[in-house]
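Read off the chains here:
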Amino acid sequence: MKPISSRRARAVIVALAAGSLALTACSKNEGGDSGTDSKKDQKEASVQSKAVTYADAAGSTGPAEDVAGAKPGGTINVYQEAGLSHLDPGQIYVSDAGQVANLLFRRLTQFKEDGKGGVSVVGDLATDSGQSSDGGKTWTFKLKDGIKDANGNAITSADVRHTVERQYAKFIFDGPTYLQTWLSGADYRKALPDGGFGKKHLPASVLDTPDDKTVVFHFDTARPDLPQTLAMAGYAIVPEKTDTKEAYDKAPVATGPYKIASNKVGKELVLQKNTNWDPKTDSVRHQYADTFDIQFGVTESTQTKRLIADQGEDKNAIQLTGGVEATQIQDVIGNAAVSKRTVKGYQPYVMQLSFNLDRVKDIKVRQAITYAVNSKSLIAGEGGAYGGDVAPNYFAPTLPGYEANYDPYGRLKAPQGNLAKAKEILKGVPAAEKKVVFAYSNSEQGQKRKVAIEDALTKVGFNVVSKEVDSASYYEQIGKLDNPYDMYISGWGQDWPSPGTVVTPVYDGTQVADGSPNYSHVKDPKVDALIKKALSEDPTKAAATWKEAHHYLLEKIIPAAPLWYTKQFQLSGSNIGGARYGSVSSLIDITRLYVKS
């Protein structure tokens, strides 16, 4: 799943990274005293994992346990630099829209955190996390009583069916594809070209709704991860009666505790209480604040300054997906009163410089760039060790199968890049191939990354032509197959703790399409064969297969240069209560916040 403009995730034997790291140890960072021990952080990210449990009806029954000291009322101001690319649940696969989706939309299942690292899958609109039969090939969900959308219409199994079928429509291109491909194969759109908007529907042998309260999924193989998959924001319910297809992206109908009061695209999104949300049916969410006022166009540096100063309305404010701006980190950690208003944690994302293999065809060019990139400089722009750690490969510390010392390009020894090696590889490469078009986001972060990439590659002889891309639609633009860029920084995080949720969506050749996270357009028979093999194996055997695929990709194909692993370090105002790090979102847990006074 992408981060900030990024995604997220969960497998057969599942363990979710608990996340809540206390970045308090002290070590020397090359950019200065970072105040954090990266090796310790990575170790905690891997060992602070507990099995994800599947809850029964009792564990899925609301209301959610009250947050200590919580009070109703007030407005929470939410600061965000870039606007949201989507509000249609079927299009949501990035963390910023995912945060908002946690307030607006409900799914069949949902993740529930206990604040101690424990994560369970509970029934959200369903009575429990699902009942499997036929060796895990069939899953049955029963809907709760009294669930309605914001218009007061009852949610029925027909709405669930519609939600699934509309994912087959061509106008849905930016969301997750797990469920569709599991039900109908890689060419799932051919199974239902009109997305269920016409007379044709998926057959009952695939998706059955025998009555208003029952939904049955039939797969051709066991799908033990289904409860976790259905908890993704991309599978939140879209009521059939109010679906306006493409236009739904601007004015979706809420099913969660909040609904949209006004939407000035790219400027301000105001959410207010949804009076048709029944807390007795929801074991996860709360509805403490009267309003969430999400303000876009507020840069990270401005967010940080205002939250440090903590004056007026800023006391009631949070950061949505942004973090403490790099140059102000010392101002935060050096002030005890401010520091206690932070949430910190390791994220599952690996940031990398993805190559468009349709344009950058010479592997020597990809090798040279991979050696030349300066992870040290890029991480400094993210906040040093509080913002990330050097990534020597494509697997994050939160992922099963992570190899801390797998470093084929010497990134750990030379985080600033190996310029001599890059220059050596480039000998004999034609000048025309040294001209590379780099796409970057027009945000503060994007500008910093642009400078770091240009500086590193120019030093070894590349002619870097940088092209600015709108930050709100950044992933949409680089996700187009026929995009005009040679390379772009992208981030991906596991959709659940399995290498399959990283290797499959990002490198599967059958999933090369507009909107696919296979940003490099990898189409390799060996990779596809290894993916197919791993998906048919139990997790223990699959681990070796995923490892083989990982090494082959990084050493023989080089679809991307690994850059850094991300961390979150966010700040909220002094009048915000209930703030804690959410290990599922890798951000502040937005579902439990309240205004203190």
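Residues numbered from 1 in each chain as written. Predicted model: local features only at pLDDT ≥ 70, side-chain atom pairs only at ≥ 80, totals over all residues. Heavy atoms only, no water.

A few points about the overall build of the protein chain
Okay, step 1: Scanning the protein chain from N- to C-terminus turns up 16 helices and 26 strands.
Okay, step 2: A globule of 597 residues ought to have a C-alpha radius of gyration of about 25 Å, and the protein chain, at 23 Å, matches this closely.
Okay, step 3: In terms of its C-alpha atoms, the protein chain occupies a principal-axis envelope of roughly 70 × 55 × 40 Å.
Okay, step 4: Expressed as a percentage of its 597 residues, the buried residues of the protein chain come to 61%. (Helix = DSSP H or I, 4+ residues; strand = E, 2+ residues; numbered from the N terminus. Rg over C-alpha atoms; globule rule 2.2 N^0.38 Å. Buried < 20%, exposed > 50% of the residue type's maximum accessible area, 1.4 Å probe, protein only.)

Things to note about the nonpolar core
Okay, step 1: Within the largest apolar cluster, 95 residues are counted, with the highest numbers of intra-cluster contacts made by F217, L353, I369, F462 and I489.
Okay, step 2: A total of 7 residues in this core trace back to one element, the largest contributor, which is helix α16 (residues 539–557).
Okay, step 3: Among residues more than four places away in sequence, those in contact with L353 are I369, V373, F438, I453, M487, Y488, I489, P559, A560, A561 and L563.
Okay, step 4: Judged by nonpolar contacts, the second largest core, of 35 residues, contains L103, F105, Y248 and V253. (Core = buried A, V, L, I, M, F, W, Y, C linked by side-chain atoms within 4.5 Å. Contact = heavy atoms within 4.5 Å.)

Observations concerning the packing of aromatic side chains
Okay, step 1: One pass over the structure, following the stated rule, counts 17 aromatic pairs.
Okay, step 2: On the numbers, 5.9 Å between centres and 80° between planes, the contact of Y402 with Y565 is edge-to-face. Taken together, the residues span a long stretch of sequence, with Y402 in the loop between β18 (388–390) and α11 (419–426) and Y565 in strand β22 (residues 560–571) at a distance of 163 residues.
Okay, step 3: Through a chain of ring-to-ring contacts, the aromatic side chains of W139, F141, Y178, W182, F217 and F219 assemble into a single cluster.
Okay, step 4: Over the face of the ring belonging to Y440 we find K450, whose NZ or CZ atom lies 5.7 Å from the ring centre. (Phe/Tyr/Trp six-rings, centres within 6.5 Å; stacked < 30°, edge-to-face > 60°. Lys NZ or Arg CZ within 6 Å of the ring centre and 35° of its normal.)

Thoughts on the side chain of N274
Okay, step 1: Its location among the elements puts N274 in the loop between β14 (268–273) and β15 (291–296).
Okay, step 2: Residue N274 is classed as buried on the basis of its relative accessible area, which comes to 1%.

Concerning the confidence of the model for the protein chain
Okay, step 1: Taken as a whole, the protein chain shows an average pLDDT of 90; of its residues, 91% reach a score of 70 or greater.
Okay, step 2: Under a pLDDT of 50 for its full length, residues 5–35 has, in the predicted model, 131 contacts with residues more than four places off or in other chains. (pLDDT = per-residue confidence, 0-100.)

Description of unusual backbone geometry
What is expected of a backbone is that most residues other than glycine have negative phi and most peptide bonds are trans.
Okay, step 1: The amide bond that connects G62 to the next residue, P63, takes the cis arrangement and shows omega of 0°.
Okay, step 2: Mapped onto the fold, P63 is located in the loop between β5 (53–54) and β6 (75–80).
Okay, step 3: Positive phi, normally seen in glycine, also occurs at I558, with a value near 55°.
Okay, step 4: Take I558: it is sitting in the loop between α16 and β22.
Okay, step 5: Unlike most non-glycine residues, S586 shows phi in positive territory, near 65°.
Okay, step 6: Structurally, the position occupied by S586 is in the loop between β24 (581–582) and β25 (587–588).

Points about the side chain of E81
Okay, step 1: Looking at the secondary structure, you find E81 in the loop between β6 and α2 (95–104).
Okay, step 2: The charged side chain of E81 is buried without a salt bridge, its nearest counter-charge being K448 at 8.5 Å.
Okay, step 3: When neighbours within four sequence positions are excluded, E81 is seen to be in contact with F296, G297, V298, T299, E300, Q303, S443 and E444. (Lys, Arg positive; Asp, Glu negative; His and termini not counted. Salt bridge = Lys/Arg side-chain N within 4 Å of Asp/Glu carboxyl O.)

Thoughts on the pattern of salt bridges
Okay, step 1: Enumeration over the complete set of coordinates arrives at 18 salt bridges.
Okay, step 2: Note that D88 is salt-bridged to R166, the shortest N-O span being 2.8 Å. Separated by 78 residues along the polypeptide, D88 in the loop between β6 and α2 and R166 in helix α3 (residues 157–166) bring together distant segments of the chain.
Okay, step 3: Residue class for R166 comes out buried when judged on its relative accessible area of 1%.
Okay, step 4: One connected set of salt bridges, linked through shared partners, spans R106, D124, D282 and R285.

Details of helix α12 (residues 444–459)
Okay, step 1: Between its first and last C-alpha atoms α12 spans 23 Å; for 16 residues at 1.5 Å apiece the expected length is 22 Å, and the two agree.
Okay, step 2: Looking at α12, one finds that the buried residues are Q445, G446, R449, K450, A452, I453, A456 and L457.
Okay, step 3: Just downstream of α12 lies G461, where phi reads positive at about 110°. (Expected span 1.5 Å × (residues − 1).)

Observations regarding the pairing of strand β17 (residues 342–355)
Okay, step 1: A large share of β17 lies buried, amounting to 14 of its 14 residues.
Okay, step 2: In the sheet, β17 pairs with β22 via 10 bridges, with the strands oriented antiparallel. Of the residues in β22, the one forming a bridge with V350 is Y565.
Okay, step 3: Here β17 runs beside strand β21 (residues 487–493); their pairing, made up of 7 bridges, is antiparallel. Bridging across to β21, M351 finds its partner in G491. (Pairing = 2+ DSSP bridges.)

Details of the sheet that holds strand β10 (residues 138–142)
Okay, step 1: Pairing is antiparallel in the open sheet, where 4 strands are placed in the order β9-β10-β12-β11. Each edge of the sheet is formed by a strand with only one pairing partner; in this case those strands are β9 (131–133) and β11 (207–211). Strand-to-strand twist across the sheet, computed as the mean angle between neighbouring axes with direction ignored, equals 20°.
Okay, step 2: With 3 bridges connecting them, β11 and strand β12 (residues 214–218) associate as antiparallel partners. Within the sheet, the bridge partner assigned to D211 lies in β12 and is T214.
Okay, step 3: Set on the sheet, α3 makes contact with β11 and β12; between it and β11 the angle comes to about 170°. (Axes fitted to C-alpha atoms, helices over the stretch in contact; angles between N-to-C directions.)

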